[in-house]
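# Examination of the molecular architecture
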Amino acid sequence: MKKLSALLLSVLVLFSAASCGRDSGKRIGTEVPPVSEMSPKINSSTVIDTENTSEEKSQLIFTGEKGGSTPSGLMPLQKISFRATENTKGLSEKKLSHSHGPSADGKVHHTVVEFQKTFQKYGGFTYDDISEEKAIYLTFDCGYEYNDLTGKILDVLKGKKVPATFFCTLDYLKSEPEFVARMINEGHIVGNHSATHPSFANITREKMASELQTFENYLRESFGYASRYFRFPAGEYSESALELLQSLGFVSVFWSTAYDDWDVNKVRGKDYAIEKVMSRLHSGAVILLHAVSQDNADALGEIIDKARAEGYEFRSLTEYGT
């Protein structure tokens with residue numbers, strides 16, 4: 001396998017909300033392509049064995065060559081080492097929690113607009129305020145599996161030809177290799193949700209880098225895949241944490257609409273889920289759902305159909321801002 005050449009420097013991606021994904025090419029809303037065609041940001045033969053090089057920061061998704069023995073069928077990628085830079089700018093380490101008011105009448109809530117201003121400084125985002133079209137982004141958080149609902153969700157996404165991002169923990173990668181392989185091979189993004197799901201507002205920058213590295217290296221070796229999309233566990237962060245994630249080449253992805261769907265004991269029916277999601281849709285929405293919700297799994301197909309009927313287009317995060 002060849003090392004990443006200096007030629008990739010010509011395709012550096014600027015990790016700012018104003019430019020992330022702007023030149024991503026083919027959209028994924030009408031079909032689910034093979035992983036190697038998902039975005040020009042994907043290099044199907046990339047192997048990185050250096051620390052925090054500019055080349056390593058130049059892409060958001062990496063995959064190994066096809067024909068490997070991993071569950072995804074891709075060749076393993078070499079491990080990478082993340083070096084935590086010091087907080088030389090004296091950025092605040094005060095714990096912050098992402099929150100949002102419910103959008104209404106197709107308009108984003110003003111609290112989300114304010115959060116966006118902060119996240120954009122560090123190459124992250126909570127909604128798409130760039131695209132002039134009714135683009136929406138479907139994301140799921142996956143810490144553990146419940147009743148094989150992820151399989152049902154993936155079936156719906158495949159049937160409806162809708163891309164999604166699954167932010168997983170290390171435990172999920174280890175316990176559900178078949179579902180993770182499906183996510184990769186069916187054109188979805190597997191995002192980094194940390195190794196052990198700690199609050200990034202309560203740990204050191206060195207520990208943050210370790211959490212990211214442990215997750216990514218397992219994904220690289222076990223699935224031949226790596227992703228630089230990250231979601232803070234519990235939505236807790238600090239300004240220092242945002243800056244560190246950006247320095248390591250990650251895009252921090254928050255959300256602009258969600259509801260209390262994480263409790264597996266609260267089964268209120270698919271109509272409840274449909275009403276909660278549809279009433280809060282807005283242009284540029286980043287939708288957070290939990291894959292352990294029976295209501296979400298039952299409602300997803302109708303949510304997709306209703307959103308499309310209202311003129312919304314489901315996009316991959318690789319198309320953010322296009």
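Keep in mind the model is a prediction, meaning the values are calculated, not measured. (Residues numbered from 1 in each chain as written. Predicted model: local features only at pLDDT ≥ 70, side-chain atom pairs only at ≥ 80, totals over all residues. Heavy atoms only, no water.)

## Considerations on the overall build of the protein
- Helix and strand counts for the protein stand at eight helices and 12 strands.
- Looking at the 322 residues of the protein, the share that counts as buried comes to 57%.
- Once local pairs closer than 6 in sequence are excluded, the contacts in the protein between residues at least 24 apart make up 76%.
- Surface summary for the protein: the accessible area is close to 12800 Å², and the carbon and sulfur share equals 50%. (Helix = DSSP H or I, 4+ residues; strand = E, 2+ residues; numbered from the N terminus. Buried < 20%, exposed > 50% of the residue type's maximum accessible area, 1.4 Å probe, protein only. Contact = heavy atoms within 4.5 Å. Areas by Shrake-Rupley, 256 points an atom, 1.4 Å probe, with all protein chains shown as cover.)

## Details of the packing of aromatic side chains
- Inspection of the entire model under this criterion finds 16 aromatic pairs.
- With 6.5 Å between their ring centres and 75° between their planes, Phe230 and Phe250 make a pair best called edge-to-face. You can see Phe230 sitting in strand β8 (residues 229-230) and its partner Phe250 sitting in the loop between α6 (239-247) and β10 (251-252), a full 20 residues away along the chain. The residues Phe230 and Phe250 share a single accessibility class, namely buried.
- With 5.6 Å between their ring centres and 25° between their planes, Phe232 and Phe254 make a pair best called stacked. Taken together, the residues Phe232 in the loop between β8 and β9 (236-237) and Phe254 in the loop between β10 and α7 (270-279) connect sequence positions 22 residues apart. Like Phe254, Phe232 is buried.
- Every member of this aromatic cluster is reached through a ring pair, and the members are Phe82, Phe115, Phe119, Phe200, Phe230, Phe232, Tyr237, Phe250, Phe254 and Trp255.
- For the cation-ring pair, Lys134 lies above Tyr312, with the distance from its terminal atom to the ring centre recorded as 4.2 Å.
- Note that Arg220 overlies the ring of Phe62, its terminal NZ or CZ placed 5.4 Å from the centroid. (Phe/Tyr/Trp six-rings, centres within 6.5 Å; stacked < 30°, edge-to-face > 60°. Lys NZ or Arg CZ within 6 Å of the ring centre and 35° of its normal.)

## Some details on α7
- Along α7, the residues that are buried comprise Ala273, Ile274, Lys276, Val277 and Met278.
- Its buried side turned inward, α7 meets β11 (286-290) and α8 (294-309).

## Things to note about the state of the cysteines
- One pass over the structure, following the stated rule, counts zero disulfides.
- No disulfide involves Cys142; its sulfur sits 4.5 Å from the nearest other cysteine sulfur, which is in Cys168.
- Judged by its relative accessible area of 1%, Cys142 falls in the buried class.
- Take Cys168: its relative accessible area is 0%, and that puts it in the buried class. (Disulfide = S-S within 2.5 Å.)

## What to know about the packing of α7 against α8
- The N-to-C vectors of α7 and α8 enclose an angle of 45°; their axes lie 8 Å apart at closest approach. If you check the angle between α7 and α8, you find them oblique. The hand of the α7/α8 crossing is right-handed. Here Lys270, Ala273, Ile274, Val277 and Met278 of α7 lie close against α8, whose contacting residues are Asp295, Asn296, Asp298, Ala299, Glu302, Ile303, Lys306 and Ala307.
- A class-by-class count of the residues in the contact of α7 with α8 yields seven nonpolar, one polar and five charged. (Axes fitted to C-alpha atoms, helices over the stretch in contact; angles between N-to-C directions. Parallel < 35°, antiparallel > 145°, perpendicular 65-115°, else oblique. Left-handed = near helix turned anticlockwise from the far one by under 90°. Nonpolar A, V, L, I, M, F, W, Y, C, P; charged D, E, K, R; others polar.)

## A few points about the environment of His98
- Looking at the element boundaries, His98 is found in the loop between β3 (96-97) and α1 (110-121).
- Exposure remark for His98: the relative accessible area of 8% places this residue in the buried category.
- Residues within four places of His98 in sequence aside, it is in contact with Phe115, Phe119, Thr126, Gly235, Tyr237, Phe254 and Trp255.
- A distance of 2.7 Å separates a polar side-chain atom of His98 from the backbone oxygen of Trp255. (Polar contact = N/O pair within 3.5 Å; in protein donor to acceptor, adjacent residues only side chain to side chain.)

## As for the side chain of Ser316
- In this fold, Ser316 is placed in the segment after β12 (313-315).
- A polar atom in the side chain of Ser316 sits 3.0 Å from the side chain of Thr318.

## A look at the pattern of salt bridges
- Taken as a whole and judged by the stated rule, the model has 16 salt bridges.
- Among the ionic pairs, Glu236 bridges to Lys95, the shortest N-O distance being 3.3 Å. Within this pair, whereas Glu236 is found in strand β9, its partner Lys95 is found in the loop between β2 (61-63) and β3, the two being separated by 141 residues in sequence.
- Between Arg231 and Asp141 there is a salt bridge, and its shortest N-O distance comes to 3.0 Å. Here Arg231 is found in the loop between β8 and β9, whereas its partner Asp141 is found in strand β4 (residues 135-142), with 90 residues between them in sequence. Each member of the pair, Arg231 together with Asp141, is buried.
- Each of the salt bridges in this network shares a partner with another, and the network as a whole consists of Glu133, Glu313 and Arg315. (Salt bridge = Lys/Arg side-chain N within 4 Å of Asp/Glu carboxyl O.)

## Points about the confidence of the model for the protein
- For the protein, the mean per-residue pLDDT works out to 84, and 82% of the residues sit at or above 70.
- Low confidence marks residues 1-57, where pLDDT is under 50. Its contacts with residues over four positions away, or in another chain, come to 152 contacts. (pLDDT = per-residue confidence, 0-100.)

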